[in-house]
Amino acid sequence: ILEEAREEIAKVSTSRELNDVRVKYLGKAGTVTSLMKRLKDLPPEERPNWGRMVNELKDEIERILEEKKAEIARLEKEELNRKLWADPTMPGTRRSLGHLHILTKVQEELEDIFISMGFSIVEGPEIEEPWYNFDALNTPEWHPARDLHDSFYINEKYLLRTHTSPVQIRTMLSRKPPLAIISPGRVYRRDYDATHLPMFTQMEGLYVDHDVTVRHLKYFLEEFARRLLGENTKVRLRPSYFPFTEPSFEVDIYFNNRWFEVLGAGMVHPNVFKNVGYDPERWRGLAFGLGIERIAMVKYGIKDIRDLIRNDVRFLENW
Ligand code: FA5
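Residues numbered from 1 in each chain as written. Predicted model: local features only at pLDDT ≥ 70, side-chain atom pairs only at ≥ 80, totals over all residues. Heavy atoms only, no water.

By the naming in an unreviewed UniProt entry, the chain is Phenylalanine--tRNA ligase alpha subunit, taken from Fervidobacterium thailandense. Entered under Catalytic activity (unreviewed entry) in the UniProt record, the comment concerning the chain runs "tRNA(Phe) + L-phenylalanine + ATP = L-phenylalanyl-tRNA(Phe) + AMP + diphosphate + H(+)". Note on the chain: under the UniProt heading Subcellular location (unreviewed entry), the record states "Cytoplasm". (UniProt positions renumbered as here; feature names shortened; annotations may be inferred.)

*Asks:* Explain the site of the ligand here, please?
*Replies:* Neighbouring residues of the ligand: 26 residues in total, closest His 163, Ser 165, Arg 189, Leu 197 and Glu 261. Between the ligand and the protein, one listed contact pairs an oxygen atom with a backbone N or O atom of Leu 263 at 3.2 Å. Contact with the protein chains removes 95% of the 670 Å² of surface that the ligand exposes when unbound. Among the detected pockets, the ligand sits in the largest pocket. Contributing elements (two or more residues each) for the shell around the ligand: strand S5 (199-209), strand S7 (245-255), strand S8 (258-268) and strand S9 (284-291). Top element by residues in the shell around the ligand is S8. It accounts for 5 residues. Tallied by class, the residues present in the shell around the ligand amount to 10 nonpolar, 10 polar and 6 charged. (Near = heavy atom within 4 Å. Polar contact = N/O pair within 3.5 Å; in protein donor to acceptor, adjacent residues only side chain to side chain. Areas by Shrake-Rupley, 256 points an atom, 1.4 Å probe, with all protein chains shown as cover. 1 Å grid on protein atoms, 1.4 Å probe; cavity = no way out; pocket = protein on both sides within 12 Å on 5 of 7 lines; lining within 4 Å. Sits in = over half its atoms within 2 Å of the grid points. Helix = DSSP H or I, 4+ residues; strand = E, 2+ residues; numbered from the N terminus. Nonpolar A, V, L, I, M, F, W, Y, C, P; charged D, E, K, R; others polar.)

*Asks:* Looking at this structure, I do not really get the sheet that holds S5. What am I missing?
*Replies:* Strand pairing in a sheet is mediated by backbone hydrogen bonds. Such pairs are either parallel or antiparallel. Taking strand neighbours across the sheet as the criterion, the 7 strands line up as S1-S4-S5-S9-S8-S7-S6 in an open arrangement whose pairing is mixed. Across the chains shown, the open sheet's two edge strands, defined by having one partner strand only, are strand S1 (120-121) and strand S6 (235-242). Pairing between strand S4 (residues 179-188) and S5: 10 bridges, direction antiparallel. Of the residues in S5, the one forming a bridge with Ile 182 is Gly 205. Of the strands in this sheet, S4, S5 and S9 touch helix H7 (residues 166-174), which is tilted by about 40° from S5. (Pairing = 2+ DSSP bridges. Contact = heavy atoms within 4.5 Å. Axes fitted to C-alpha atoms, helices over the stretch in contact; angles between N-to-C directions.)

*Asks:* Looking at this model, I keep getting lost on the environment of Glu 261. Mind explaining?
*Replies:* Within the secondary structure, Glu 261 is located in strand S8. Since its relative accessible area comes to 35%, Glu 261 is described here as partly exposed. In this structure Glu 261 touches Arg 238, Glu 250, Val 251, Asp 252 and Arg 294, once residues within four positions along its chain are discounted. (Buried < 20%, exposed > 50% of the residue type's maximum accessible area, 1.4 Å probe, protein only.)

*Asks:* Sorry if this is basic, but what is going on with the environment of Arg 146 here?
*Replies:* Examined against the element boundaries, Arg 146 turns out to sit in the loop between helix H6 (130-133) and strand S3 (159-160). For Arg 146 and Phe 255, which are 109 residues apart along the polypeptide, the C-alpha to C-alpha distance reads 31 Å. Not counting chain neighbours up to four residues away, the residues in contact with Arg 146 comprise Pro 130, Phe 134, Asp 135, Thr 139, Pro 140, Glu 141 and Tyr 153. Here the side chain of Arg 146 touches Thr 139 through a polar contact of 3.2 Å, landing on its backbone oxygen.

*Asks:* Sorry if this is basic, but what is going on with the packing of aromatic side chains here?
*Replies:* Any aromatic ring pair is given by two values, namely how distant the centres are and how the planes are angled relative to each other. As enumerated under the stated definition, the model contains 14 aromatic pairs in all. Where Phe 273 meets Tyr 278, the ring centres are 5.8 Å apart and the plane angle is 25°; that geometry is what we call stacked. Taken individually, Phe 273 and Tyr 278 each receive the classification buried, so the pair is uniform in this respect. An aromatic cluster of three or more residues is present, and its members are Phe 114, Phe 119, Tyr 207, Tyr 219, Phe 220, Phe 224 and Phe 288. Between Arg 170 and the ring centre of Tyr 132, over which it is positioned, the NZ or CZ distance is 3.9 Å. Positioned above the aromatic ring of Tyr 254, the side-chain terminus of Lys 234 is 4.4 Å from the ring centre. (Phe/Tyr/Trp six-rings, centres within 6.5 Å; stacked < 30°, edge-to-face > 60°. Lys NZ or Arg CZ within 6 Å of the ring centre and 35° of its normal.)

*Asks:* I'm lost on the UniProt feature "binding site: Mg(2+)" (unreviewed entry) in the chain in this one. Help?
*Replies:* With numbering aligned to this structure, UniProt lists the feature "binding site: Mg(2+)" (unreviewed entry) at Glu 246. Within the fold, Glu 246 resides in strand S7. Apart from the residues lying within four places of it in its own chain, the contact partners of Glu 246 are Met 267 and His 269.

*Asks:* Help me understand a negative patch on the surface in this model?
*Replies:* A cluster of acidic side chains, namely Glu 56, Asp 59, Glu 62 and Glu 66, defines a negative patch on the protein surface. Inspection of the secondary structure puts Glu 66 in helix H4 (residues 47-84). (Patch = residues over 30% accessible without salt bridge, like charges linked within 9 Å, V, L, I, M, F, W, Y side chains within 5 Å. Salt bridge = Lys/Arg side-chain N within 4 Å of Asp/Glu carboxyl O. Lys, Arg positive; Asp, Glu negative; His and termini not counted. Charge placed at Lys NZ, Arg CZ, Asp CG, Glu CD.)

*Asks:* When you look at unusual backbone geometry in this model, what are you seeing that I'm missing?
*Replies:* Residues other than glycine predominantly adopt negative phi, and peptide bonds predominantly adopt the trans conformation. Note that the residue after Pro 177, namely Pro 178, is joined by a cis bond; omega there is 0°. Tracing the chain through its elements places Pro 178 in the loop between H7 and S4. The omega torsion across Glu 246 and Pro 247 is 0°, close enough to zero to call that bond cis. Within the fold, Pro 247 resides in strand S7. Here Asn 138, not a glycine, exhibits a phi torsion of approximately 60°, which is positive. Within the secondary structure, Asn 138 sits in the loop between H6 and S3. Judged by its relative accessible area of 22%, Asn 138 falls in the partly exposed class. With phi around 60°, Asn 311 is a residue other than glycine that occupies positive phi space. Note that Asn 311 resides in the loop between helix H10 (292-300) and helix H11 (313-316). Judged by its relative accessible area of 57%, Asn 311 is exposed.

What follows is the structure, encoded as structure tokens:
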């Protein structure tokens, strides 16, 4: 029996199998236990001998079981360690990190350029009152920009601002001149094609002081274009019309073999100064409104403005 048990125990490789063997020999109905039960059937003089023998057998089997148990515990621990072990020489998993959207990058670059020229950043609400968006900007009721078809009205009292120019009004009402501010933000219009989005980003600029002239305006615009797009960037000012500036200009940058309109600008209209309580005899101002998507298109050679908002990673990954 001992030999048989020894062999069986040697073959075992898990604690579960080992327990089965234990039950088979030492359990209530096990081989050794039933040998012990036979004791009472023997003649009294044979009992002590038999008892001793069976006890020795039981002790021996228990000893072998214990040995095996220790061995299995050791193997199981080794196995666990093998699973937990990491090879520090293996190459790491490559995670793809996101990056800033090119619109954000262009906006931040523009902010840095104007901040370095002495401008500070202010913000205004996207839900605006017509007075700030139009009237205060010398844009009378009959002006086409007030047409319901161009603007998104929320109700009779509010609309989504159609440009960042109302921030000029809010700034001048709350601050005294001189001042130099830029104001980036979203604006909304009923527009949609390869160069127009219904929601896009403008950056307003306003500089008010005693002796501001068109030469300053031209300097700031050429300077920003060269710093952002390179020394050889060609900039063109075309006479234009905005109700809130006089004279007014549309500013183009040469790109893709043609002139590309990127911003509107001009000298602050005296009526605008009157509307905010600035004396038009004492103060002069220059103002501009850049289209940030348009500038990103020029900088990155993007032909369709809608690519900027499609959120196609294959497109965005290029920069
Ligand atoms: C204005 O919005 C004036 N407020 C700009 C201004 C400010 C003039 C201060 C004078 C003084 P305009 O509608 O031209 O002007 O828009 C300015 C720029 O926004 C355009 O040159 C163009 O770059 C961009 N833009 C206009 N409409 C869209 C559109 N739907 N999608 C993307 N960009 C647009």
